[in-house]
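Overview (structure and organization)
Here's the letter readout for the chains.
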Amino acid sequence: MASPASRSAAKGETILIDPVSRIEGHMRVDVVIDGGQVKDARCSGTLFRGFENILVGRHPLDAVRLTQRVCGVCPMIHGTASATCLDAALGVADKVPPNGRIVRNLLLGSNYLQSHILHFFTLAALDYADVAALADYDGPESDLKAVRAFIDRKDLAPFFPRYEGDYRCNKQTNIDLVRGYVKALTVRRVCHEMISVWGGKMPHDVAMVPGGVTSEITADKIAFTLSRLGEIRDFVE
Amino acid sequence: MAKVVEIPVVWMQGAACTGCVVSLLNSLSPGIARLVLRELVPGKHVSLRFLVTAMAGQGRQVMDVVRDETVKDKGNYILVMEGSVPVGHPAYGTVGEEGGREIPIAEIAGNLARHAAAVVCMGTCSSFGGIPAASPNPTGCVSMGELLAREKITTPVVNIPGCPPHPDWLIGSLLAVAVYGLGPVAGLLDDLKRPKIFYGKLVHETCPRRADFDAARFAKKFGDPGCLYLLGCRGPASYADCPTRMFNSGTNWCIGAGGPCHGCVEPEFPDRFSPLYEKIDDRRMDRFRLLQKPATAPKA
Ligand code: SF4
Ligand code: SF4
């Protein structure tokens, strides 16, 4: 296959990052640098599955299930796109009942919350937060004590290796970031519980169908959703 | 402090959607922070050496981790494989580059499997081919089992199918391997190499709508009460404990939300279960056992 040099006509030193970590999927980045300046950059996805081809000839209802498998982080947007397409194709776009519309929005909105928390903390934060700042933590918080005990054991995967670059936050900010990172692991899960109560399970729901949703609306599910949303709101605020 | 034994885990992704990783993040007991930071059981800690979705490092740096694992922890690490393996053309899926050449997933998965203590296939894609291998299988995807057979790799395999699997199914199986070792665990697998503690019963056997099935109270359209058999439920052909375990911290499961089981844990998913919303019948079901009379009456 093509080597990075042949991917760009620009002259200079090429920096290759393959794989790019902490994203969904397979990706590489080639950057050409000359005299301290970026001359060219190229991002490429390094996995092809051919979803469009897989959908050809199938029963249309199956699309809402299959297209969600494009991405396990954001399945609901693929499901929603697919279901609304089918609404239009089947001529029922104006017949989705209000409850169906609201539950669909809950499914999609909760996934949106999940994706933001996942992106900001679980994926991106390790570029900014210096986990090593917890090596001499002697405070009372059990999560942070667990991080310190983890560092003491000296097997530091998956937080090392890393680029030993510019972790410019001060110690207290680092502690706050690591606390947020650990707490976000729980809060992101709660977002999925909010989807599951209407959608059956996450990733990949079963409730979104053309015309609305399959799930029943009950008082206990509304209470469950409000309580979970409250937990997420507390964290975000 | 007693010495803690590290269980090195290398999680490699092929033709996948990362849903299996996200499902692992959904684990409740242990929560994911506890799983990564603390001991799984006293004296044993899972060391997540390689998982592109979560690890701090990038590029070359993390490819060195892969290479080092196969040497330093040869025969000792567990390979968790997510996703099927595209073999139709090397360019359909690559991870990293070596000497100017992008490394095909099949090559890296094969190398990792060859030197692992065990291969745990996380999800239906790596267990059976799953979604990327669905007709017309545009990229020639095969399951890990198939790749191992082609490459004559004899490392033991445990399949944890599901689209995605319940996190308990993976963590429970890893724990069993860590505590009992691979030998005894091999005896606890079904004919499709799935741990029987999780995949021992049909969804149909423990489904709360089973009484409706037995009384022929069937849902005719989405949202109706009653058994979802006529809406295409694959519960009578799918082995998993979803009805009793339930997903997302025990919040719900497919049939609980009024959606029929699609049989996502079976090799038939998705092609031989398609169209997903059409009633199954004996003719289309080669592993459809419950509604068929046994050939001979069981001996008393
Ligand atoms: S056919 Fe499906 S819904 Fe009906 S009892 Fe069996 S598993 Fe439950
Ligand atoms: S109920 Fe069926 S479709 Fe749903 S997760 Fe279980 S096996 Fe998969």
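Residues numbered from 1 in each chain as written. Chains lettered and ligands numbered in written order. Predicted model: local features only at pLDDT ≥ 70, side-chain atom pairs only at ≥ 80, totals over all residues. Heavy atoms only, no water.

A few points about the nonpolar core
What tends to happen in soluble globular proteins is that the nonpolar side chains get buried as a cluster. The biggest cluster of nonpolar side chains holds 82 residues, and the ones touching the most others in it are A:Leu134, A:Val147, A:Phe159, B:Trp11, B:Ile78, B:Trp169 and B:Ile255. The leading source of residues in this core is helix H7 (residues 167-180) of chain B, at seven residues. Beyond its immediate chain neighbours, meaning those up to four positions away, A:Leu134 contacts A:Leu144, A:Val147, A:Arg148, A:Ile151, A:Ile175 and A:Val178. In terms of nonpolar packing, the next biggest core, distinct from the first, is built from 29 residues, B:Met12, B:Val95, B:Ile103 and B:Leu148 among them. (Core = buried A, V, L, I, M, F, W, Y, C linked by side-chain atoms within 4.5 Å. Buried < 20%, exposed > 50% of the residue type's maximum accessible area, 1.4 Å probe, protein only. Helix = DSSP H or I, 4+ residues; strand = E, 2+ residues; numbered from the N terminus. Contact = heavy atoms within 4.5 Å.)

A look at the confidence of the model for chain A
Confidence along chain A averages 93 in pLDDT terms, with 96% of residues attaining 70 or more. pLDDT under 50 marks residues 1-6 of chain A. Its contacts with residues more than four places away, or in other chains, come to 13 contacts. (pLDDT = per-residue confidence, 0-100.)

Comments concerning the site of ligand 1
Every residue lining ligand 1 is accounted for by B:His204, B:Cys207, B:Arg209, B:Arg210, B:Phe213, B:Cys227, B:Leu228, B:Tyr229, B:Cys233, B:Gly235, B:Pro236 and B:Ile255. Of the residues in the shell around ligand 1, the class split is eight nonpolar, two polar and two charged. (Near = heavy atom within 4 Å. Nonpolar A, V, L, I, M, F, W, Y, C, P; charged D, E, K, R; others polar.)

Comments concerning the site of ligand 2
Taken together, A:Lys201, B:Cys242, B:Phe247, B:Trp253, B:Cys254, B:Cys261, B:His262, B:Gly263, B:Cys264 and B:Val265 are the residues near ligand 2. Chain contributions to the surroundings of ligand 2 come from chains A and B.

Brief notes about the interface of chain B and chain A
Each side of the interface is counted separately: chain B has 78 residues, and chain A has 74 residues. Each partner contributes to the roughly 6,600 Å² buried at the junction of chain B and chain A, and carbon and sulfur atoms together form 60% of this total. Contact with chain A buries area across many residues of chain B, yet B:Leu37, B:Gln58 and B:Glu102 alone supply 10% of it, more than any other trio. Our count for the chain B to chain A interface comes out at four salt bridges. The shortest N-O distance in the salt bridge between A:Arg28 and B:Glu102 comes to 3.5 Å. Take the side of chain B that touches chain A: its biggest share by element is six residues, from helix H3 (residues 59-72) of chain B. Of the residues contributing to the side of chain B that touches chain A, the split by class is 41 nonpolar, 29 polar and eight charged. (Buried area = accessible area lost by both parts, 1.4 Å probe. Salt bridge = Lys/Arg side-chain N within 4 Å of Asp/Glu carboxyl O.)

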